[in-house]
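Coordinates in review
So the chains spell out like this:
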Amino acid sequence: MDFQIEVNKRVIDVTEGETLLSALRRNGFRIPTLCHMNRFSPTGACRLCVVEVEGKRDLITSCSYPVEHGMKVLTNSQRVIKARKTLVEMLLSNHPDDCLYCQRNGNCELQWLAEEMNVKERKYFGEKQKYFPDHSGSSVARDPAKCILCSRCVRMCEEVQLVTAIDFIQRSNKTTVNSAFYKGLNTSSCISCGQCITVCPTAALLEISHLEKVQAAIDDKKRKVIFLLSPSVVASIAEEFGLKSEKGLPGLIAAALRRCGADLVYDLGFACDVNILEESKLLLEKVQQQQGMPLLSACCPAWVRYVQVFRPEWLPMLSGVKSPQQMLGAMIKFDRETRPRSEAEKLYCVSVTSCVANKYEATTEEMTHKGISEIDAVLSVRECIRMIRTNGIDIRNMESERMDTPYGRSSSLAWKTGYSGGKAEAVACEAHKLSKGKNEAFRFVMPKNLSARKESKLKMNGHTVGFSWVSGIAAADAYVDSIIGQGRKDIHYIEVMACPGGCVGGGGQPINRLPEKPRNRKKICQEMEKHAESKTASEVAGKQR
Amino acid sequence: MMVEATDGIKQFLIDQVLLNPDREASVPVKKRLSYISRERVEKPCIYVGMATCGLIAGAKATHDAIANYLSEHQIDADLIQGGCLGFCHAEPVVDIQLPGRARLSFSRVGSGKVQSLLDDVLNSHIPDIELLGQYGSKILQMWDKVPGIDTHPFFSRQKRMLMEHCGIVNPVSIEEYIARGGYWAFADTISGLTPAQVCRLVEDSGLAGRGGGGFPAGKKWAITLNAVSEQKFFVCNAVESDPGSYMNRAIIESNPHRLIEAVLIAAYATGASKAYIFIRKEFTLAVERLRKALLSAADYGLTGHHIFNSGVNIDVIVREGARAFVCGEETALNNSIEGKRAMPASKPPFPAEKGLWNKPTIVNNVETLFNIPAIVRHGPEWFQETGTPGSKGTKLFTLSGKTRYYGTVEVPMGMTFREIVDKIGGGLKSELPLKAIVLGINSGSYITPSTLDTQVDFDALKQIGSSLGSGAFVVLDTSVCMVDMAKFFTAFFQKESCGKCIPCREGTARMLEIMEQSTRRPSEKLAFTPLERFKGVMQLRGLAAVIKDTSLCSLGKSAPNAILNTLKHFKDEFDSHIFDRKCVANVCRDLRIFTIDADQCTGCTACFKRCPVDAIIGSPRAPHFIVEEKCIGCGNCYEVCKFNAVIIT
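Throughout what follows, the structure given in this document is the object of discussion.

A few points about the overall build of chain A
The number of helices and strands found in chain A is 19 helices and 19 strands. Reported as C-alpha extents along the three principal axes, the dimensions of chain A are approximately 75 × 55 × 50 Å. Expressed as a percentage of the 545 residues in chain A, the buried residues total 59%. Here the analysis covers contacts within chain A between residues at least 6 apart in sequence; of these, 73% occur between residues at least 24 apart. For chain A, the accessible surface area stands at approximately 23800 Å², while carbon and sulfur atoms represent 50% of it.

Quick look at the structure:
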C-alpha cells in the first residue's frame, strides 16, 4: 500500500496508479457500475460509478479516475445517490416494461440496480422508439430496445475477439449497437462465439433459441429424439443445481433429459475421445513427415469461422478432424452398417453444449448429407436448464441412470476438452501413448505461469513435440501470427478456443455475475476426470469399434 | 517591374525576405514588396469577395460579369477572387484599385450593377451608390470626397489584429502573404528562438485559449514541450459547429496562410513533428484554399523535412471530419483523426499526456492560433497593449440576428456588449427592444438588457455567471420566444449527442420531451395535463442538475445550460408558457389561438381555401369562423388575410 486517502470520513489504503473504483471495491465500498469490466479499458459511459471528490466541481467517475494524494471522497452523499438514481431512471424511461416476460428476468443487472436504487415509480416518461430486433444470425439474437449502450459487447467483440461485428451506429438517443449498415448479423463478420451474450447486462443479446423446435420434435411421436450431452455441460448443470461431482453425475443429467422426453441420451464425450484419437494420429503423422506445422485444432467452430473469414491463409494448417458434435451426429445418423437412410430421417439429434457457435456450425451446408443435417438442434446450457425447470424435474432428488449404448462412455481425456489447455493435454497424452504403443504412466507438466498463452514440450518417437494452447481470439490471432511470422519450428500443435478459458467460459453458459458465486465449472471437470473408468481415448473408441 | 517569372519572385522572397533579418531596412526590397503585395499596382486590379458569404450573395455571378466586361472591352486588368472583409451585410463586395490611386470598396454589387460600376470607376468617376469607402495609404493618391473605409460605423470601432489581411489579400497567393509580412515570424522563430523561448513569449503575452475554457495558451504549450516522448502531435481544431458562428471558416477562407504559419510556429514550440488541421468537411471552400495554400507553402520549403536547413521537420496534414458537434471536443477529435468514431473519452488521461495514438497531443483552436504570428513578430508587449488587465488581445464574434449590420467582427477585449450592438451592429433592424444576446450554444448563456454594459472579458463574464463561448453573437429582439429558443438549443444538443453516456443521451431527450409536451395544444392527446406540466418543470431542474454533474464531456455538461438560463433570466416567459399557456412573442405555434374579427372579415374565402385542416367555416361574402378544436395553429389564415381580420389572441 502506497498511501492513504479519505473515503466517507474513513481512511483507506490505496496503491499508486490504481483507479478509485478498484481501491473502493477492495475496501468494501459497493459502487454500482454497468459499463465496467475487469481487465478492460474504462469507457466511462454509464456514469453510475460517480463519486464526489472534494475540490472537483462535477462528480467524477471512479472507474476511470486514478487515486490521488490527499483525496477526500464521498461515495454516498445525497448528491451522488440522487445522480445515480436519476441515471437509472433515465435508462428506464424508455425501456420496454416487459420484465415479467423477459429472458433475463431475475438475472438482469438493470433490474438489480433499479431495486438497489429504490426506484419505485416511473418518474420520466420517454418516447419509446421503434427498434427492429435482429434474428438473422444463426446463433446470436439482438433486441436493441433492451440495449442500454454500455458498450460491453462492443468492447468484447473488438478487444477480446478481434471481430468487431457490432459497433455503435447513429447519434443522439437513436444510437444503437448494430452490425454494419444495419445489415444483420448473418451478413456480418460475426463468428457466433456468443461472448457478447455473456457480458450483456440485460436481455439485449440472447442466443437464437432452439427450445421450441426441440419440444416439437419431442411431441412428434414418429421421431426419435436423441440428446448428446457434452462434458462441459454436465459441469455447468451440476454447478447451476449444486450437484455433487461424483461418478453418477452424467447419468443423473441423462435421467433428467429422459424425463424431458429424450428417447436416447448419448455421451458427447465419446466423440471427444474419437476426436482426440484422430487428432493425435494426424499430429504424429505430421511430426513424422515434418510438414504442415503447426497443426491448429479445429474443434472450436467459432475459431474455424474466424480463420475462414479473417485468416484464410491458415486454413491448410487447421486440423481436418471434425468437431465432436458433428462427428457424433454423423455417426448416429449415417452409419450405413447399422441403419438404413430412411431411418436417419426419423432421428432427431439434439446437442446440448456450452457453445452458441455450435448452433451456427449445425446449420452450415457442409454439415448436411443430401438434405439431412447431422445435428438438428443445439441447446445451450441456459436453454437446457430452462427445459429441465419447465418440465418440473427435481434433479437433486433423482437416481442416476446409465447413458444409452453404443455411445455412452467416455474417458478422462474427454473431460479435459472443456477447459483451455485440456485439449492440448489430452492430445499430448494420447499421442504419447500411441507412440509408445502401450499404456504408460504419463504426466503432463503444466507451466506455472498461467498467462493467456501457454507452451509445453514433450519427447516422443525421437522428436521433441511442442504443444501450446491459447484462448480468446485476439490472443490466439497474435500468438499464431507470431509463431508463423517468426518461423518457429518448435511448436507442433496449437489448441485454440475462441472463448476465454475455453468451453467452461462459453457463450452458451449460464450468465451469473454475482460476485459471491465464483465459477467452479473447471474444478468440476477436473474432479470428474478422476471418476472416469478409462484413461485413454483409444480405449473408449477402440472398444466401441 | 512588369511580368516576372514566378521563380524569380520565389527566389527573391526566400532569399531577400524570409532569410534576411534586415529585410525591413532595405528600401529596394520594400519597394519590390509593395508591388508583389499589390499595395501598388501597374494595371487596374479588381477584387471580388468570394468567401462563402459572398458566394451565397451572388459573388460568382458578379465575378463572371466582370470577367465578361473586361474581355469585351479588352481591358488589361487583374481580376482576383478575394476573401471576406467580415462585412457579410455588404456582400458581394467589389474592390477596385487603379494604378497610383487608393483602393476603393463597393458593397452589394450584384451582377446587374457591374456594367455601370466599371464604366464609372475605370473612367475615374465614383458613383455615390454602394460606396463603402477607400483604403488609407501613405504612398498612393487618395480620392477626393471619398470617406475612408475605416470610418464606416461597422469598421470604425473594430480592431483588426487577426483579420488584418482578411478580404484584402488574395487568399491563396503565398507571394502576397509573404510580401505583407507573412511567414516572417516563422522564419525568424526557427532560426533564432528555441521552442522554450517561444512558449515563454506566448505565455508573457497573456494569450488565453479562445475555445471557451480560457486556459493560457503558452502554459499549455510548455506542458507538452516538457513531456518526454519520441513523437508529439499538434492539432488545430477547426471544427466550428456551434450554430450561429462561422468566423473561423471566414478567416480560414480569407487567409489560410496565416493559419499554416501559426500551426508551424506552434508545432515548433511544442516539439511536434506532425501537425493536423482538423476541419469540417462541409467547409469545402476553406478546405480547398487550405490545401492550395499548403501546397504552395511546401513549394517554398516552409513545411516538410529540414525546413530552411534548420534541422526542423514539421509535416502539416489537413484532415476532414464529418459534421458532428462533438468533434470539437478534443478527445473525440483525436479519435476522429485516428479514424475511429468521434466519441469523447474520459479525462484523465488528458491529451497533453496521452492524445493521438497515445502520444502527447496539444489541441488549439483556430482563433487562438491566428494570434500567434503577430505575437511572435511584434512581441508580447505589443499584444498586451490591447485588452483589459485580465484578458488581452481581441475577440472575434459572428454578429448575427436582428442587428442592422451583421458579419464577422473583431473587437478589442474590454468593449461593452452595448457598444457592439449599437455601434458596430448599427442597432436593431426592427423598432422592437432588445431581448437577449446569445453567446454561443456551448455556454448557453444570455446577455440580457440589464447586463448589456458588461465588458467582453473572461472575468467580467464569469461574474455575471456567463462565459465567452465560442464566438456566436446572436442578437434577439422581443419578437423571439425564449422558450422556443431553449427548445431549439436542447433539440440541438440531443441531436448532436454522441450517444455514449446516459445523462447526455437520455437526459437531453427527456428534457426536450418535457419541453415539447408542456407547450403542446391542450386539445392534443400527447399534451400534458396542468399537473403533468407542473411536474415536468420540477423534473427539468432535477434532470439538468444531474446532466451537468455526471456527463462525460463538456458537450453534455453544457447541454442543460440553455434551459437553466432561460429559467433564470426569463422565468416569467417560461411560466406564462407552462401555466397560462401563452406565448408572449406569438411564436410557439401550438399556443397560438386564432379568431376572426367578424367586423373586419369580408368573406373573401382566402383563409377558407388555405386552411389545411378545414378548421374555417363560413360562406362567401359572410364573416367566417375558426373552429378552435380543429385548428392546429399553423397561421396560414393570418398570413393570407388582407383585411387584418384574423387575430391572434
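Brief notes about the pattern of salt bridges
All names here are of chain A. Evaluated as defined, the whole model comprises 57 salt bridges over all chains. The salt bridge partner of Arg 382 is Glu 207, with a shortest N-O separation of 2.6 Å. One end of the pair, Arg 382, is in helix α14 (residues 381–390); the other, Glu 207, is in strand β9 (residues 205–207), with 175 residues separating them in the sequence. Neither Arg 382 nor Glu 207 differs from the other in exposure class; each is buried. The residue Asp 404 makes a salt bridge to Arg 258 at a minimum N-O spacing of 3.0 Å. Residue Asp 404 is located in the loop between α14 and α15 (412–416), and its partner Arg 258 is located in helix α8 (residues 249–260); the two are separated by 146 residues in the primary sequence.

Considerations on the sheet that holds strand β4 (residues 60–61) of chain A
All names here are of chain A. The mixed open sheet is built from five strands, whose spatial order is β2-β1-β5-β3-β4. Each of the sheet's edge strands pairs with one partner strand only, and the pair in question is β2 (10–14) and β4. Judged from the five bridges that link them, strand β1 (residues 3–7) and β2 form a sheet pairing that is antiparallel. Residue pairing for β2: Val 7 is matched across the bridge by Arg 10. The strands touched by helix α2 (residues 78–93) are β3 (50–53) and β5 (72–74); relative to β3, the strand with the most contacts, the crossing angle is about 160°.

Overview of the interface of chain B and chain A
Tallying the contact residues gives 34 residues for chain B and 35 residues for chain A. Overall, the association of chain B and chain A removes approximately 2900 Å² of surface from exposure, summing both partners, and the carbon and sulfur fraction of that is 54%. Summed over the three residues of chain B that lose the most area to chain A, namely B:Ile502, B:Arg510 and B:Asp549, the buried surface amounts to 21% of that side. At the boundary of chain B with chain A, the tally comes to three salt bridges. Note that A:Asp58 and B:Lys557 form a salt bridge whose closest N and O atoms lie 3.4 Å from each other. At the level of elements, α19 (482–496), α20 (502–518) and α21 (530–550) of chain B are the ones that each hand at least two residues to the side of chain B that touches chain A. Across the side of chain B that touches chain A, the residue classes break down as 13 nonpolar, nine polar and 12 charged.

What to know about the side chain of A:Ser412
Residues and elements named next belong to chain A. By the element assignment, Ser 412 lies in helix α15. Overall, Ser 412 belongs to the buried group, its relative accessible area being 7%. Aside from chain neighbours lying at most four places away, what touches Ser 412 is Glu 529, Ala 532, Ser 534 and Lys 535.

Some words on the sheet that holds strand β16 (residues 377–380) of chain A
One key point about sheets: their strands pair by backbone hydrogen bonds, in either a parallel or an antiparallel sense. Residues and elements named next belong to chain A. The strand order across the open sheet formed by four strands is β11-β10-β13-β16, and the pairing between neighbours is parallel. Strand pairing shows two members of the sheet lacking a second neighbour, β11 (264–267) and β16, which therefore form its edges. Here the average twist between neighbouring strands, direction ignored, is 25°. Bridge count for strand β10 (residues 224–229) against β11 is four bridges, and the pairing is parallel. Among the inter-strand pairings, Leu 229 is bridged to a residue of β11, identified as Asp 267. Strands in contact with α14 are β10, β13 (347–353) and β16; relative to β16, the strand with the most contacts, it is inclined by about 85°.

Here we look at the packing of aromatic side chains
Per the counting criterion, the structure on display carries 24 aromatic pairs over all chains. Consider the rings of B:Phe417 and B:Phe473, whose centres lie 5.8 Å apart with planes at 25°: the pair is stacked. Within this pair, whereas B:Phe417 is found in helix α17 (residues 417–424), its partner B:Phe473 is found in strand β14 (residues 472–477), the two being separated by 56 residues in sequence. The same class applies to B:Phe417 and to B:Phe473, which are both buried. Judged by centre distance (6.1 Å) and plane angle (50°), the rings of B:Phe534 and B:Phe579 are tilted. With a gap of 45 residues between them, B:Phe534 in helix α21 and B:Phe579 in the loop between α24 (571–578) and β15 (594–596) connect regions that are remote in the sequence. By relative accessible area, which is 42% here, B:Phe534 ends up partly exposed. Here B:Phe579 falls in the partly exposed class, since its relative accessible area comes to 38%. Counting every residue linked through ring pairs, the aromatic cluster contains A:Trp303, A:Tyr306, A:Phe310 and A:Trp314. Positioned above the aromatic ring of B:Tyr300, the side-chain terminus of B:Lys10 is 5.9 Å from the ring centre. Stacked on the ring of B:Phe397, the Lys or Arg B:Lys395 has its end atom at 5.7 Å from the ring centre.

Some details on unusual backbone geometry
For the peptide bond that leads from A:Thr405 to A:Pro406, omega is 5°, which places it in the cis range. Position of A:Pro406 relative to the elements: it lies in the loop between α14 and α15. In this structure, B:Pro348 follows B:Lys347 across a cis peptide bond, with omega equal to -5°. Position of B:Pro348 among the secondary structure elements: in the loop between α14 (330–337) and β9 (361–365). In this structure, A:Leu162 takes a positive phi of about 60° despite not being glycine. Among the structural elements, A:Leu162 can be located in the loop between α4 (152–160) and β7 (166–169). Classification of A:Leu162 by relative accessible area gives partly exposed; the value is 32%.

What counts and how
Residues numbered from 1 in each chain as written. Chains lettered and ligands numbered in written order. Predicted model: local features only at pLDDT ≥ 70, side-chain atom pairs only at ≥ 80, totals over all residues. Heavy atoms only, no water. Helix = DSSP H or I, 4+ residues; strand = E, 2+ residues; numbered from the N terminus. Buried < 20%, exposed > 50% of the residue type's maximum accessible area, 1.4 Å probe, protein only. Contact = heavy atoms within 4.5 Å. Areas by Shrake-Rupley, 256 points an atom, 1.4 Å probe, with all protein chains shown as cover. Salt bridge = Lys/Arg side-chain N within 4 Å of Asp/Glu carboxyl O. Pairing = 2+ DSSP bridges. Axes fitted to C-alpha atoms, helices over the stretch in contact; angles between N-to-C directions. Buried area = accessible area lost by both parts, 1.4 Å probe. Nonpolar A, V, L, I, M, F, W, Y, C, P; charged D, E, K, R; others polar. Phe/Tyr/Trp six-rings, centres within 6.5 Å; stacked < 30°, edge-to-face > 60°. Lys NZ or Arg CZ within 6 Å of the ring centre and 35° of its normal.

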